[in-house]
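# Structural description and commentary
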Amino acid sequence: LKRRGYWKTEGMRLSTTFPEDSHNPDSNQLLISHQGRSLFSMGWTAFQTITPNVKEEGAMKEDSGMQDTPYSEDTLVEQLEACVDYLWKSERHELIANVYKPVILVYEKKRDFKKLAELYYNIHRSYLKITEVVHSEKRLFGRYYRVAFYGQAFFEEDESKEYIYKEPKLTGLSEISQRLLKLYSDKYGAENVKMIQDSNKVNPKELDPKFAYIQVTYVTPYFDEKELTERRTDFERHHNIKRFVFETPFTLSGKKHGGVEEQCKRRTILTTGQTFPYVKKRIQVINQHSTELNPIEVAIDEMSRKVSELNHLCCMNEVDMIRLQLKLQGSVSAKVNAGPMAYAWAFLEDTNAKKYPDNQVKLLKDIFRQFAAACGHALEVNERLIKEDQLEYQEEMKSHYRDLLSELSTVMNEQVVYGEDVTKHQGMER
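Computed from a predicted structure; not experimentally measured.

## Side note on the side chain of Glu73
- When you line up the elements, Glu73 lands in helix H2 (residues 73-89).
- Reaching out from Glu73, the side chain makes a polar contact with the side chain of Lys109 at a distance of 2.3 Å.

## So, the pairing of strand S4 (residues 162-167)
- Buried residues dominate S4, accounting for 5 of its 6 residues.
- In the sheet, strand S3 (residues 143-150) pairs with S4 via 6 bridges, with the strands oriented antiparallel. Considered in S4, the bridge of Tyr144 is made with Lys166.

## What about the packing of helix H12 (residues 358-385) against helix H13 (residues 391-412)?
- Running from amino to carboxyl end, H12 crosses H13 at an angle of 165 degrees, the nearest separation of the two axes being 11 Å. For the element pair H12 / H13, the angle class is roughly antiparallel. Note that H12 runs across H13; the crossing there is left-handed. Across the interface between the two elements, Lys365, Phe368, Arg369, Phe371, Ala372, Ala373, Cys375, Gly376, Leu379, Asn382 and Glu383 of H12 pack against Tyr393, Gln394, Met397, Lys398, Tyr401, Leu404, Leu405, Leu408 and Met412 of H13.
- For the contact of H12 with H13, the residue count by class is 13 nonpolar, 3 polar and 4 charged.

## Describing the nonpolar core
- Counting residues in each nonpolar core, the largest one holds 41 residues, and the members touching the most others are Phe347, Leu348, Leu364, Phe368, Phe371, Tyr401 and Leu408.
- Of all the secondary-structure elements, those providing two or more residues to this core are helix H8 (295-315), helix H9 (321-332), helix H10 (338-347), H12 and H13.
- For this core, the element with the highest residue contribution is H12, accounting for 11 residues.
- Residues in contact with Leu408, not counting those within four places in the same chain, are Met341, Ala344, Phe368, Ala372 and Val416.

## Quick word on the pairing of strand S8 (residues 263-276)
- Where burial is concerned, most of S8 is hidden: 11 out of the 14 residues are buried.
- Sheet topology places strand S7 (residues 241-251) next to S8; 10 bridges connect them, and they run antiparallel. The residue bridging Pro249 from the neighbouring strand is Lys265, located in S8.
- Sheet analysis places S8 next to strand S9 (residues 282-293), joined by 8 bridges and oriented antiparallel. Residue pairing across strands places Arg266 opposite Glu292, the latter belonging to S9.

## Side note on the pattern of salt bridges
- Under the criterion given, the structure shown has 26 salt bridges.
- In this structure, Glu230 engages Lys226 in a salt bridge whose closest nitrogen and oxygen atoms are separated by 2.5 Å. Highlighted residues: Glu230 and Lys226, both in helix H7 (residues 225-230), separated by 4 residues, approximately one helical turn.
- A relative accessible area of 45% means that Glu230 is categorised as partly exposed.
- With a closest N to O distance of 2.7 Å, Lys265 and Asp301 form a salt bridge. Taken together, the residues span a long stretch of sequence, with Lys265 in strand S8 and Asp301 in helix H8 at a distance of 36 residues.
- Judged by relative accessible area, which is 6%, Lys265 ranks as buried.
- The network of salt bridges with shared partners includes Glu247, Lys265, Arg267, Asp301, Glu302 and Arg305.

Quick notes on the rules
- Residues numbered from 1 in each chain as written.
- Predicted model: local features only at pLDDT ≥ 70, side-chain atom pairs only at ≥ 80, totals over all residues.
- Heavy atoms only, no water.
- Helix = DSSP H or I, 4+ residues; strand = E, 2+ residues; numbered from the N terminus.
- Polar contact = N/O pair within 3.5 Å; in protein donor to acceptor, adjacent residues only side chain to side chain.
- Buried < 20%, exposed > 50% of the residue type's maximum accessible area, 1.4 Å probe, protein only.
- Pairing = 2+ DSSP bridges.
- Axes fitted to C-alpha atoms, helices over the stretch in contact; angles between N-to-C directions.
- Parallel < 35°, antiparallel > 145°, perpendicular 65-115°, else oblique.
- Left-handed = near helix turned anticlockwise from the far one by under 90°.
- Contact = heavy atoms within 4.5 Å.
- Nonpolar A, V, L, I, M, F, W, Y, C, P; charged D, E, K, R; others polar.
- Core = buried A, V, L, I, M, F, W, Y, C linked by side-chain atoms within 4.5 Å.
- Salt bridge = Lys/Arg side-chain N within 4 Å of Asp/Glu carboxyl O.

Structural data, given as structure tokens:
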């Protein structure tokens, strides 16, 4: 707004302080009266509840000739109402009420009760829409990719820099890779551009300086445990985000993949300079941190993820039956349960368990108990929702589940069951 000049500056001094440096700024006090005129005195701080990127506006210089252009309250209202239209189209309904706050102040000052009624009705509709979609996970907020450039002769200032690209909806890795390959092939010549096909760390000194190299890696938003408790909806986990994560499998023998008892992985967390969504589709990575997980830590991480996914699917207001059955089948089916049970045999069987720290073995055992309970709960949810044509499928899943419990009991040297007592036990532990 400041760049476009949508407020007057005559007779006032615009502050460039950040919110943390000001004294309790109130975003509702965007418009104030001064000598009979309305001034947009708050500027960018009125919109800091929508995006922290608006701080950049406070450091921008005014465009020359801006004071000669007749900007008014009506101009601001027009722009904000256009913004709301785009929020509806992009399905970011959670932001509509905040964008409308300055508009409310204008209409209240004008005593335009008809406009206020329309505005509050629109806010009412936005909240109704939120209740409809908040837990459906049907909104597609986009996908994210790390893109790294190598080749000083070609990329110059971008050489060895990494960016996070935000791509629309379900854009796949191959799609963005082909687009970037074509873009830079047209610019530098197809014979001079190469794609790096893995996500491993690149040493630029080992690359041929005669070529331009592009590395594309799929990443997901990253949140620590505290953030996960605060960001509970799908929207909150795709709005104002600046940390992303990807994982790279490796083994100590040098191979990329191996048996579960030798499989390690490297988790890399990237931090960008601004948050998404942003006015640009890419933001530069300003910090990177990697940690390595040994084989039993990989097992703990993977099994925890399976438990979390099953519990999440079972607790949805509208259960996605297709996703639930796919996860359930992948967890209990005799044909594909090599994943979970391979971890159990490799790290929990008495002879093998002695090779690993007691605390990690104990933690993995506890996760497997949770896994057994989550599978049992998922079967109950599935049975409650299926129709008659899937009863045979349900009985087959139950049979596989009983086999899973039996095998787990053998490996862990304890009776692993699912029932009311186990459910209560899990609830007490949580």
